[in-house]
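So you can see what is in the structure, the chains are spelled out below.
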Amino acid sequence: MTIADFGSQAIINKLIKEGFPNDSIVAEENSQELRRSENQEILDQVTHYINEFFPRVSSREVCSWIDLSTSSIKERFWTLDPIDGTKGFLRGDQYAIALALIEEGEVQIGFLSCPNLYVDKDQPEGRKGCLFYAIKGNGAFQMEMGGEERKHLSVSKIGDPERAIFTESVEPDHADHLTHKKVAKKLNILSPPILMDSQAKYGLVARGEATIYIRVPSPLEPHYREKIWDHAAGTLIAEEAGGEVTDILGRPLDFSSGIRLEKNRGVLVTNGILHERVLRALEN
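Note that the structure is predicted; figures quoted are calculated from it, not measured.

**Some details on unusual backbone geometry**
Then step 1. Despite not being glycine, E149 shows a phi value in the positive range, around 55°.
Then step 2. Tracing the chain through its elements places E149 in the loop between strand 6 (140–144) and strand 7 (151–152).
Then step 3. Of the residues examined, E149 reaches a relative accessible area of 51% and is grouped as exposed.
Then step 4. Non-glycine residue S198 carries a positive phi angle of around 80°.
Then step 5. Secondary-structure assignment places S198 in the loop between strand 9 (194–195) and helix 6 (200–206).
Then step 6. For S198, a relative accessible area of 9% puts it in the buried group.

**Describing the packing of aromatic side chains**
Then step 1. As enumerated under the stated definition, the model contains six aromatic pairs in all.
Then step 2. Ring geometry for F89 versus Y95: centroids 4.9 Å apart, planes at 80°, classification edge-to-face.
Then step 3. Note on F89: relative accessible area 27%, which makes it partly exposed.
Then step 4. The class for Y95 is buried, based on a relative accessible area of 12%.
Then step 5. On the basis of an interplanar angle of 85° and a centroid distance of 5.4 Å, the ring pair of Y202 and Y213 is categorised as edge-to-face. Of this pair, Y202 sits in helix 6 while Y213 sits in strand 10 (residues 212–215), and the two are 11 residues apart along the sequence.
Then step 6. When its relative accessible area of 2% is taken as the criterion, Y213 is described as buried.
Then step 7. One cation-aromatic arrangement involves R150 over F141; the distance from NZ or CZ to the ring centre is 4.0 Å.

**Here's the deal with the sheet that holds strand 10**
Then step 1. If you trace the five strands from one edge of the open sheet to the other, you get 9-8-10-12-11, paired in mixed fashion. Only two strands of the sheet have a single neighbouring strand rather than two, namely strand 9 and strand 11 (244–246).
Then step 2. Summarising the sheet, strand 10 and strand 12 (residues 267–270) pair through four bridges and their orientation is antiparallel. Across the sheet, residue I212 finds its bridge partner in strand 12, namely T270.
Then step 3. Relative to strand 12, helix 8 (residues 275–283) is tilted by about 145°, and along the sheet it contacts strand 10, strand 11 and strand 12.

Analysis parameters
- Residues numbered from 1 in each chain as written.
- Predicted model: local features only at pLDDT ≥ 70, side-chain atom pairs only at ≥ 80, totals over all residues.
- Heavy atoms only, no water.
- Helix = DSSP H or I, 4+ residues; strand = E, 2+ residues; numbered from the N terminus.
- Buried < 20%, exposed > 50% of the residue type's maximum accessible area, 1.4 Å probe, protein only.
- Phe/Tyr/Trp six-rings, centres within 6.5 Å; stacked < 30°, edge-to-face > 60°.
- Lys NZ or Arg CZ within 6 Å of the ring centre and 35° of its normal.
- Pairing = 2+ DSSP bridges.
- Contact = heavy atoms within 4.5 Å.
- Axes fitted to C-alpha atoms, helices over the stretch in contact; angles between N-to-C directions.

Shown next, in the form of structure tokens:
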């Protein structure tokens, strides 16, 4: 974990609790490692970072903010990944701050802050910094980090797999890139995949830049189950843009079973039009 992971979680947890004191938060980090004497320097750095936003806050208070989160799933809770795509963040590449509100197992609100993602999909070397958000039943949107250029999002209308573009994670830790390639070959997808860290990939599908996002579990970890904070916000954003999100067996993602998607295997995100074709390709 990085200083940014802890700092981001501390600040967001504090603000959520101030705004919604009765809601619980299920987040990725806790302060246990920070509290160890050998990590005092890291804790000091995290505290220094937070003091830029909240002057004179102590290290003890910082740890208490980080630990406002719990692993207990309730009927209504927020789930947070303070830095989704840590390896991308460390490379200076793509990462996201992902926050979602879940009620009775369904995502109601989703936010993805992607500071390094290009604003215009047609100008990847242009301005950077995107905020994606969605409210269930009210569509999905993208705006710049300062609130400018708000636009309604819509998935691509591509129905021919040869014209489809798929995206997958840069890191193969929990994903089977070989199976992804086999699926692409079966569908005769001609374009190479967009490799990207974090839930920013959901944003690519939501704005029509990518058509398919596949995440098949790695054969090295066949029983791996995805964590809810890695997919909750992105799921709603893609769906509200007109896309479809299931696991690789075609089942809706179930966010009511704990901190992992225990009832699901892998993730498939598409523009909806190609969803069944990709599922069939995954069967063989």
